[in-house]
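# Residue-level structural notes
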Amino acid sequence: MLDIAKIRADFPILHREIHGQPLVYLDNAATTQKPQCVIDALTHYYQDENANIHRGVHYLSMEATRLYEHAREKVKNFIHAASVEEIIFVRGTTEAINLVAQSFVRSQVTKGDEILITAMEHHANIVPWQFVCEQTGAVLKVLPIDQQGNLLVEQLAAYLTPRTKICAITHIANAIGTVNPIKAIIAECHAAGVPVLIDGAQAIAHTPVDVQALDCDFYAFSGHKLLGPTGIGVLYGKKALLAAMPPYQGGGDMIRTVSFEKTTFNVLPHKFEAGTPNIAGAIGLGVAIDYLQCIGLTAINAYEQQLLRYATASILEIPGVRLLGTAHEKASILAFVMQSAHPHDIGTILDQHGIAIRAGHHCAMPLMAFFNVPASARISVSFYNTFAEIDCAMEALSEVNKIFA
Ligand code: PLP
């Protein structure tokens, strides 16, 4: 059992008022709020520890380096990677996927090769592959979904051909909440000799992740969806793959020696971290991971599932609501449209009540086209949300119906 009142006390922003009403923050899939310990870690770093890393002989530089590398160790333990060399700090999921697309895939594919994604991907797991296709003549293949938003996994075998160079798939779909059976998918891809990248942006704060048990080749996530700061994220990659990949960006820190004739590169993971990284962000992410682990992802998941069930049952009592995404296994994301109002109107009316939800295409325009809607409204809950907040949102949705009746 989670002590929600105690947890909420850790998040200062949850005590804010918006338009004179207590904030009800239900936009957690876009970004999560930050506990005081993460905010303090950032302040503390800039106030007392700030220095550039990896190249200083002075005390502060060595301390900042130690903190930054300690954060990497925390990430490694959090996702059960085999070594810190497999943990690359990046800006976020988007940069992680672009890195794999350009460094791992682009150099291997030729005209007619195939890149496999699914119909429920975020633009961050579509557009980088389209770049590679344009650059090389490769073809983007899309594994379809059914009307409930389940991936048609039984069709995977038919989509894996001798020309498939990578399968890039989301762990949890941001726009509809589907949880994909990634372990089985990875095994099937590997049996066909296809490496797999998992977009873990929506999963990392909601379910325990063990990259070795999953046996994924790459796993990408963003710190800001995990109670951490913006501008920091992680690319996990199997060491053998990362070691064979060319650097993604050139600059300081990623080199061993530079002359005008030739440059040699640093060891992993530094080979992929050109320039001064987001040092404070990495440290803040490490603290966010500590905080989350103290509460426990298994308990978090169980509570969020209760909230999801409650919210799903409640929203279906509101006339004119159509849920988008009712997959067999779902995370705490509720996407919907209403007969009476456009999603932007829904979002605006809820905002007047201090309720933050998402309205739009959720960076998943092909998925919106599949459901034949221009946009949708989305409630996404986190473990600091309450049943009372769900009630609040439902009352406001009933009011949307009254206003537009
Ligand atoms: N993938 C998924 C499934 C997401 O939900 C998001 C963000 O919403 C991203 C990728 C991109 O994450 P970021 O903008 O933090 O790079």
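As the structure is a computational prediction, the values presented were derived from the model and not from experiment. Residue indices follow the written sequence of each chain, beginning from 1 at its first position. Residue-level local features of this predicted model are given only where pLDDT is at least 70; pairs of side-chain atoms are given and counted only at 80 or more, and the full residue set underlies all totals for whole chains, interfaces and linings. Side-chain metrics in this entry use all non-hydrogen atoms of the structure; hydrogen atoms and water are not considered.

## Describing the packing of helix 2 (residues 36-49) against helix 10 (residues 279-295)
In helix packing, the relevant descriptors are the interaxial angle and the interaxial distance, both defined with respect to the helix axes. Here, axes are lines fitted to C-alpha atoms. For helices the fit covers the stretch in contact, and angles between N-to-C directions go from 0 to 180 degrees. A run of H or I in DSSP becomes a helix once it reaches four residues, and a run of E becomes a strand once it reaches two; helices and strands are each numbered from the N terminus. Two numbers describe how helix 2 lies on helix 10: the axes approach to 9 Å, and their chain directions differ by 150°. Compared by their axis directions, helix 2 and helix 10 come out roughly antiparallel. Crossing hand, helix 2 versus helix 10: right-handed. Together, Cys 37, Val 38, Ala 41, Leu 42, Tyr 45 and Tyr 46 of helix 2 and Ile 279, Ala 280, Gly 281, Ile 283, Gly 284, Val 287, Ala 288 and Tyr 291 of helix 10 make up the contact between the two elements. Reported orientations rely on four angle classes, namely roughly parallel under 35 degrees, roughly antiparallel over 145, roughly perpendicular from 65 to 115, and oblique for the rest. Each helix crossing is assigned a hand: it is left-handed if the near helix lies turned anticlockwise from the far helix by less than a right angle, otherwise right-handed if that turn is clockwise. By definition, residues are in contact when any of their heavy atoms lie within 4.5 Å.

## Observations regarding the domain arrangement of the protein chain
Where each domain begins and ends is defined by an automated method or by a domain database. For the protein chain, the assigned domains read domain 1 (4-30 + 297-404) and domain 2 (39-293). One C-alpha centre belongs to domain 1, the other to domain 2, and the line joining them spans 28 Å. Listed as interface residues are 36 residues of domain 1 and, on the opposing side, 33 residues of domain 2. Buried area counts how much accessible surface, traced with a 1.4 Å probe, disappears from two parts once they are put together, with both parts' losses summed. Interface area for domain 1 against domain 2, summed over the two sides, is near 2,700 Å², with a carbon-plus-sulfur share of 60%. Salt bridge criterion: a side-chain nitrogen from Lys or Arg within 4 Å of a carboxyl oxygen from Asp or Glu. Inspection of the region where domain 1 meets domain 2 yields zero salt bridges. Residue assignment for the side of domain 1 that touches domain 2 shows that the elements contributing at least two residues are helix 11 (297-315), strand 14 (333-338) and helix 13 (365-370). Of the residues assigned to the side of domain 1 that touches domain 2, the class counts are 23 nonpolar, eight polar and five charged. Residue polarity is assigned by list, with Asp, Glu, Lys and Arg as charged and Ala, Val, Leu, Ile, Met, Phe, Trp, Tyr, Cys and Pro as nonpolar; anything else, Gly included, falls into the polar class.

## Topic: the environment of Thr 264
If you trace the backbone, Thr 264 turns up in strand 12 (residues 263-265). Only protein chains enter the calculation, and the probe is 1.4 Å; a residue is then buried if its accessible area is under 20% of its type maximum, exposed if over 50%, and partly exposed in between. Since its relative accessible area comes to 27%, Thr 264 is described here as partly exposed. Between the C-alpha atom of Thr 264 and that of Ala 9, which follows or precedes it by 255 residues, the distance is 50 Å. Residues in contact with Thr 264, not counting those within four places in the same chain, are Ile 255, Arg 256 and Thr 257. Definition of a polar contact: a pair of N or O atoms within 3.5 Å, with one able to donate and the other able to accept a hydrogen when the atoms are protein atoms, and with sequence-neighbouring residues admitted only if both atoms are side-chain atoms. Of note is the side chain of Thr 264, whose polar atom sits 2.5 Å from the side chain of Thr 257.

## Some remarks on the pattern of salt bridges
Applying the stated rule across the entire model yields eleven salt bridges. Linking Arg 72 and Glu 69 is a salt bridge whose minimum nitrogen-to-oxygen distance equals 2.8 Å. Residue Arg 72 and its partner Glu 69 are both found in helix 3 (residues 59-79); the two are separated by three residues, about one turn of the helix. The exposure class assigned to Arg 72 is buried, which follows from its relative accessible area of 0%. The exposure class of Glu 69 is partly exposed, given its relative accessible area of 23%. A salt bridge links Lys 238 to Asp 217; the nearest nitrogen and oxygen atoms lie 3.3 Å apart. Note that Lys 238 is positioned in the loop between strand 10 (233-237) and helix 9 (239-244) and Asp 217 in the loop between helix 8 (211-214) and strand 9 (218-222), a separation of 21 residues in sequence. Since its relative accessible area comes to 21%, Lys 238 is described here as partly exposed. What makes Asp 217 buried here is its relative accessible area of 7%.

## Details of the site of the ligand
For this description, a residue counts as near a given molecule or strand if any of its non-hydrogen atoms is within 4 Å of it. Within the structure, the ligand sits among 13 residues, and Thr 94, Asp 199, Ser 222, His 224 and Lys 225 are positioned closest to it. The contact in question runs from an oxygen atom of the ligand to an N or O atom on the side chain of His 122, over 3.4 Å. To be clear on the numbers: accessible area is Shrake-Rupley with a 1.4 Å probe, and residue cover counts the displayed protein chains and nothing else. Protein contact buries 84% of the 390 Å² of open area that the ligand shows by itself. Its residues assigned to classes, the shell around the ligand comprises two nonpolar, nine polar and two charged.

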